[in-house]
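Fold and contact review
Listed below are the residues making up each chain.
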Amino acid sequence: MIRAGIVGASGIAGGELARLILEHPDFELSFLGGSASAGKRLAELHPGLRVDAGVAVQQITDDIVGSVDVLFLATPAPVSAELAARYGDRIPVIVDLSGAFRISSPEIHTRWYPKVTRNPELTARFVYGVPELVRERLTDASLISLPGCYATALTLGLAPLVLGLGLELRTVVVDGKSGSSGGGLQYGASHLHPYRSGAITPYAPTGHRHAAEVGEFLKRNGGGTINSLTMSAYGVSHVRGLLTSTYAFTDTAIDQRELQRAYLRFYKGEQFVRVRRHDETLIPMPDPQAVLGSNYCDVTVLVDDDGDRIIVLSALDNLIKGAAGQAVQAANIRFALPEGTGLKAMPLVPA
């Protein structure tokens, strides 16, 4: 069995990680780390996990070295940066779900994460990316930085255009909408039910750090180019799930049929990316409710001839494919397990 530890066990993503690991046939949950929740068991922290995991949350000490084969960091970025510096050379595999190491450029990182100080040499060792796009780099990686939930949807949506077709995109404009779980357990007046219920909240209308990591990743790996990539993000009253609507403007003439074939070809054989037609089901696709509880990302591509634009719609469960599920997927690849191990759950529709 592969011994797995989670730091940040009291958070929403930490709880989802625990649930997936407890059901994983090749992982054993051997450590739960936290500070304020030390001494508590999973059932006390997560109402749905009424199980005896055999471990309680404990403070993180050097005793963790030698007790885990993979450590998942479901922690805020400053905490992840500190823990990675402390244990990066002492634990075989670290998978970080925070934004601490997603952006390699020091200048761009400082703009979006000004409170996160990190070691440049350590940063360079982290492998970033969605598993579908960097699979070969994950096979022997000891440090893995997962994309954010929005970034996962965006990268999977844009990759066939940039990495596959090598298009030159003049401008890419993203409209992102996410459920409340995307903000974690950060309590405040804006999260109270009278303000959150029924809301469409423009919490980042002029820019989002996930767009910065996507732009950097595609520039570093792409055959095509994106001259400008901007994003506006909105919170909606769903608990989980997100949708990105990406509008790409290019001078390259391309028709709908050709584009659909390019996306099907790019993701042929990928078990967790489903290329959908907009009109293939009784509800327009993609819709976040059609992926909830699963590790799927649904992608639809359309050509708007009147607007001279390509529209890419991507939907995923921000807590599974956008966080915990993708973490397990990356760990499966790293430990040479079948990629879908422990991730076979079908979506819950309706949810």
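Just above, that's the structure.
Let me begin by describing the structure that accompanies this report. (Residues numbered from 1 in each chain as written. Predicted model: local features only at pLDDT ≥ 70, side-chain atom pairs only at ≥ 80, totals over all residues. Heavy atoms only, no water.)

1. Side note on the packing of aromatic side chains
The condition that has to hold: In this analysis, rings of Phe, Tyr and Trp, with Trp reduced to its six-membered ring, are considered paired at centre separations within 6.5 Å, and the interplanar angle assigns stacked below 30 degrees, edge-to-face beyond 60, and tilted for intermediate values. Only when the NZ atom of a Lys or the CZ atom of an Arg is both within 6 Å of the ring centre and within 35 degrees of the ring normal do we say a charge sits over the ring.
Scanning the model with the defined rule gives four aromatic pairs in all. Geometry around tyrosine 234 places lysine 177 over its ring, the cationic atom sitting 5.1 Å from the centre. The ring of tyrosine 296 is capped by arginine 274, whose NZ or CZ atom sits 4.2 Å from the centre of that ring.

2. So, helix H9 (residues 209-221)
Worth spelling out the cut-off: Each helix is a run of DSSP H or I of at least 4 residues and each strand a run of E of at least 2, with the numbering of both proceeding from the N terminus. Any helix carries an expected span of 1.5 Å times its number of residues minus one. Each residue's exposure class comes from its accessible area (1.4 Å probe, protein chains only) as a fraction of the maximum for that residue type: buried when under 20%, exposed when over 50%, partly exposed otherwise. Whether two residues are in contact is decided by their heavy atoms, any of which lying within 4.5 Å being enough.
The terminal C-alpha atoms of H9 lie 19 Å apart, and with 13 residues this matches the ideal 18 Å at 1.5 Å per residue to within 8%. Listed in full, the buried residues belonging to H9 are His210, Ala211, Ala212, Glu213, Val214, Glu216, Phe217 and Leu218. Each element contacted by the buried residues of H9 is listed here: helix H4 (106-112), strand S6 (127-128), helix H6 (131-138), helix H7 (149-164), strand S10 (225-226) and strand S11 (229-236).

3. Comments concerning the pattern of salt bridges
Quick note on the threshold: Salt bridges are counted wherever a side-chain nitrogen of Lys or Arg sits within 4 Å of a carboxyl oxygen of Asp or Glu.
The tally for this structure, following the rule as stated, stands at 21 salt bridges. The salt bridge involving aspartate 69 is made with arginine 3; its shortest N-O contact spans 3.0 Å. Linking aspartate 69 in the loop between strand S3 (57-58) and strand S4 (70-73) with arginine 3 in strand S1 (residues 2-7), this pair joins segments that are 66 residues apart in sequence. In this structure aspartate 69 comes out as buried when scored by relative accessible area, which is 18%. Across the salt bridge formed by arginine 102 and glutamate 213, the nearest N and O atoms sit 3.8 Å from each other. Note that arginine 102 is positioned in the loop between strand S5 (93-96) and H4 and glutamate 213 in helix H9, a separation of 111 residues in sequence. Sharing partners across several salt bridges, the network here consists of Glu16, Arg19, Arg240 and Asp317.

4. Remarks on the pairing of strand S12 (residues 242-250)
Along a regular strand, successive side chains alternate from one face of the sheet to the other. Just so we agree on the cut-off: The pairing criterion for strands is at least two bridges between them, as found by DSSP.
In the sheet, strand S8 (residues 168-178) pairs with S12 via nine bridges, with the strands oriented antiparallel. Considered in S12, the bridge of serine 178 is made with leucine 242.

5. As for the sheet that holds S5
With respect to topology, seven strands assemble into an open sheet ordered S3-S2-S1-S4-S5-S7-S6, the strand pairing being parallel. The outermost strands of the open sheet, each flanked by one partner alone, are S3 and S6. The pairing of S1 with S4 spans four bridges and is classified as parallel. Note on S4: the bridge partner recorded for alanine 4 is valine 70.

6. Some remarks on the environment of glutamate 121
In this fold, glutamate 121 is placed in helix H5 (residues 120-125). Separated by 49 residues in the primary sequence, glutamate 121 and phenylalanine 72 place their C-alpha atoms 21 Å from one another.

7. A closer look at the nonpolar core
To keep it simple, the criterion reads: To define a nonpolar core, start from buried Ala, Val, Leu, Ile, Met, Phe, Trp, Tyr and Cys residues and group those joined through side-chain atoms within 4.5 Å.
Ranked by internal contacts, the top residues of the largest apolar core, which has 79 residues, are Leu17, Leu29, Phe72, Val95, Leu161 and Ile310. When near neighbours in sequence (up to four residues on either side) are disregarded, leucine 161 contacts Gly166, Leu167, Leu169, Ala248, Leu259, Tyr263, Ile310 and Val312.

8. A closer look at the side chain of threonine 250
Test applied: Here a polar contact is taken to be a pair of N or O atoms separated by no more than 3.5 Å, where protein atoms must pair a possible hydrogen donor with a possible acceptor and residues adjacent in sequence count only if both atoms sit in side chains.
In this structure, threonine 250 sits in strand S12. Within the local environment of threonine 250, its side chain forms a polar contact with the backbone oxygen of glutamate 168, the two atoms lying 2.8 Å apart. Within the structure, the side chain of threonine 250 is placed 3.1 Å from the backbone nitrogen of threonine 252, a separation counted as a polar contact. Look past the residues within four positions of threonine 250 in its chain and what remains in contact with it is Glu168, Leu169, Arg170, Asp308 and Ile310.

9. Thoughts on the environment of alanine 74
Here alanine 74 lies in the loop between S4 and helix H3 (77-87). Sequence separation of alanine 74 and glycine 15 is 59 residues, and the distance between their C-alpha atoms is 9.3 Å.

10. Here we look at the packing of helix H1 (residues 12-22) against helix H11 (residues 320-334)
Inclusion rule: Note on definitions: angles span 0 to 180 degrees between N-to-C directions of axes, and those axes are lines fitted to C-alpha atoms, for helices only across the stretch in contact. Here is the rule for angles: anything less than 35 degrees is roughly parallel, anything more than 145 is roughly antiparallel, 65 through 115 is roughly perpendicular, and the remaining ranges are oblique. Crossing chirality is assigned from the near helix's rotation relative to the far helix, an anticlockwise turn below a right angle marking it left-handed and a clockwise turn marking it right-handed. Note that Gly is not counted as nonpolar here; it falls among the polar residues with everything else outside the nonpolar set of Ala, Val, Leu, Ile, Met, Phe, Trp, Tyr, Cys and Pro and the charged set of Asp, Glu, Lys and Arg.
Following both chains from N to C, one finds H1 and H11 inclined at 40°, their axes separated by 9 Å at the closest point. Comparing their axes, H11 and H1 come out oblique. By crossing handedness, the relation of H1 to H11 is classed as right-handed. Only Ile320, Ala324, Gly325, Ala327 and Val328 of H11 make contact with H1, whose side of the interface consists of Ala13, Glu16, Leu17, Arg19 and Leu20. Grouping the amino acids of the contact of H1 with H11 by side-chain chemistry returns seven nonpolar, one polar and two charged.

11. Quick word on the pairing of strand S15 (residues 309-316)
S15 sits mainly inside the fold: seven of its eight residues count as buried. With seven bridges connecting them, S12 and S15 associate as antiparallel partners. Note on S15: the bridge partner recorded for serine 245 is leucine 313. Where strand S14 (residues 297-304) meets S15, eight bridges bridge the pair, whose relative direction is antiparallel. Residue aspartate 298 lies in a different strand from S15, and its bridge partner there is alanine 315.

The quantities given are spatial measurements derived from coordinates; they are silent on function.
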